[in-house]
Amino acid sequence: MNNYICKTCGTQFKESSYSPDSCPICRDERQYVGLNGQSWITLKRLKQEGYNNLWKQEAPGLIGIGISPSFAIGQRALLIQTQKGNVLWDCIPFMDEETIEKVKSLGGLNAIAISHPHFYSSMVEWAHVFDCPIYLHEADRQWVMRPNEKIVFWSGNELKLNSNVVLLRLGGHFEGSAVLHWKEGANGKGSLLTGDTIYVVADRQWASFMYSYPNLIPLSTEKIKTLIRRLGDYEFENLYAAWFDAVIQKDARGRVLKSAERYIKAIR
Ligand SMILES: [Zn+2]
Ligand SMILES: [Zn+2]
């Protein structure tokens, strides 16, 4: 029995004797099936093939962790250190002994929170090793490929994880697409961690939003307006999207608001 991992999206599936017939996440139009069809791997095999995790201190109290060489979607997770314990924002397919030791040396994990199904990846492995809950929005429940008792489905548009960390369900890309607001980030000016609910574009000055990134299907004006409304009054100086270097360093809230205006103007 194995927990197979889809090589295109990096999602780990529930235990099975044979690899799954297909990956529902890749068959959805927000992902894609590769030219050679679906293929599968296991965590053990990833280790044998020499993958490892890269670490990057993004800011004080904020550490990026991503697989190397790139695998599947290639996102990096973010470990936030707060006085109330560590939170892992988003997740990645790979983990090994070195990763476990390193996270333990940083104080382990109190919680894992994930923006949307493309980054569910090997979340259950992480939750078991660090014995912590995984917070997922209930609107995306159907996309969980490895159900587990560590998963906590939350509802509504806001969930406070501790006095410094709140999850905001902005929607858009997925019904339950969420971001994380970290009050202590950017020296107390606030940081927003967005997965690809809000995407940082090439010049790192603007953001964008999509229903499907691989298939380039935009969101409607209404969805963008909802997303901005649900951001509420939360202040943030910088913004970290899902990949190393996908960061807006200054006036990120202002840049996001301008980006939404530009987007709506373009699709009108
Ligand atoms: Zn897949
Ligand atoms: Zn996505």
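Values in this document were obtained by computation on a predicted structure and should not be read as measured data.

Quick notes on the rules
Counting from 1, residues in each chain are numbered in the order their sequence is written. For this description, chains carry letters from A and ligands carry numbers from 1, given in the order in which they are written. Local features in this predicted model are restricted to residues of pLDDT 70 or higher, and side-chain atom pairs are both shown and tallied only at a pLDDT of 80 or more, whereas totals for entire chains, interfaces and linings draw on every residue. Excluding hydrogens and water, the side-chain values take into account all heavy atoms of the structure. A run of DSSP states H or I qualifies as a helix once it reaches four residues; a run of E qualifies as a strand once it reaches two. Both are numbered from the N-terminal end. Contact definition: two residues touch when any of their heavy atoms are within 4.5 Å. Paired strands, in this sense, are two strands between which DSSP finds at least two bridges. Here, axes are lines fitted to C-alpha atoms. For helices the fit covers the stretch in contact, and angles between N-to-C directions go from 0 to 180 degrees. Any N, O or S atom lying within 2.8 Å of the metal counts as a donor, with the limit raised to 3.2 Å for Na, K and Ca; because water is left out of the atom set, some sites can appear incomplete. Working rule for geometry: tetrahedral if four donors all subtend angles between 85 and 135 degrees; square planar for four, octahedral for six, if opposite donors exceed 155 degrees and the others stay between 65 and 115; irregular in every other situation. Only protein chains enter the accessibility calculation, which uses a 1.4 Å probe; a residue whose area is less than 20% of its type maximum is buried, one above 50% is exposed, and one in between is partly exposed. Orientation labels follow simple angle bins: below 35 degrees gives roughly parallel, above 145 gives roughly antiparallel, 65 to 115 gives roughly perpendicular, and whatever is left gives oblique. The sense of a crossing depends on the near helix, which, turned anticlockwise from the far helix by less than a right angle, makes the crossing left-handed and, turned clockwise, makes it right-handed. Classification used: nonpolar for Ala, Val, Leu, Ile, Met, Phe, Trp, Tyr, Cys and Pro, charged for Asp, Glu, Lys and Arg, polar for all others including Gly.

K.L.:
Tell me about the environment of Pro214, residues and numbers included.
P.N.:
The topology assignment puts Pro214 in the loop between strand 15 (207-208) and helix 5 (221-231). Sequence-wise, Pro214 and Cys6 are 208 residues apart; in three dimensions their C-alpha atoms are separated by 17 Å. The contacts of Pro214, once residues within four sequence positions are left out, are Arg30, Gln31 and Tyr32.

K.L.:
I'd like to hear about the sheet that holds strand 9 (residues 151-154), residue by residue, with values.
P.N.:
Taken in spatial order, the 7 strands of this open sheet run 3-4-5-6-7-8-9, and their pairing is mixed. Each of the sheet's edge strands pairs with one partner strand only, and the pair in question is strand 3 (52-59) and strand 9. Taken pair by pair, the neighbouring strands of this sheet meet at an average axis angle of 25°, ignoring direction. With 5 bridges connecting them, strand 4 (residues 62-68) and strand 5 (residues 76-82) associate as antiparallel partners. For Ile63, the partnering residue across the bridge sits in strand 5 and is Leu79.

K.L.:
Summarise the coordination of the zinc ion (ligand 1); cite the residues concerned and give the values.
P.N.:
Around the zinc ion (ligand 1), the protein contributes the donor atoms Cys6 (SG), Cys9 (SG), Cys23 (SG) and Cys26 (SG), at 2.3 Å from the metal centre. Around the zinc ion (ligand 1), the 4 donor atoms are arranged such that angles at the metal cover 101 to 117°; this shape is classified as tetrahedral. Judged by relative accessible area, which is 1%, Cys9 ranks as buried. The buried category is assigned to Cys23, whose relative accessible area is 0%.

K.L.:
Please give an account of the coordination of the zinc ion (ligand 2) that cites residues and values.
P.N.:
At this site the zinc ion (ligand 2) is bound by His116 (NE2), His118 (ND1), His173 (NE2) and Asp196 (OD), with donor distances of 2.2 to 2.5 Å. Note that the zinc ion (ligand 2) binds 4 donor atoms; their angles at the metal cover 93 to 150°, and the shape is irregular. Coordination of the zinc ion (ligand 2) draws on donor residues from a single chain, spaced H-x1-H-x54-H-x22-D in sequence. Here Asp196 lies in the loop between strand 13 (191-195) and strand 14 (199-200) and His118 lies in the loop between strand 7 (111-113) and helix 4 (123-130), a separation of 78 residues in the sequence. Just as His118 is buried, Asp196 falls in that class too.

K.L.:
Which residues make up the packing of helix 5 against helix 6 (residues 252-267), and what are the values?
P.N.:
At a closest axis distance of 10 Å, the pairing of helix 5 and helix 6 adopts a crossing angle of 165°. Judged by the angle between their axes, helix 5 and helix 6 are roughly antiparallel. The interaxial crossing formed by helix 5 with helix 6 has left-handed handedness. Along its contact with helix 5, which presents Thr221, Ile224, Lys225, Ile228 and Leu231, the element helix 6 presents Arg253, Val256, Leu257, Ala260, Tyr263, Ile264 and Ile267. Looking at the contact of helix 5 with helix 6 residue by residue, the class counts come to 9 nonpolar, 1 polar and 2 charged.

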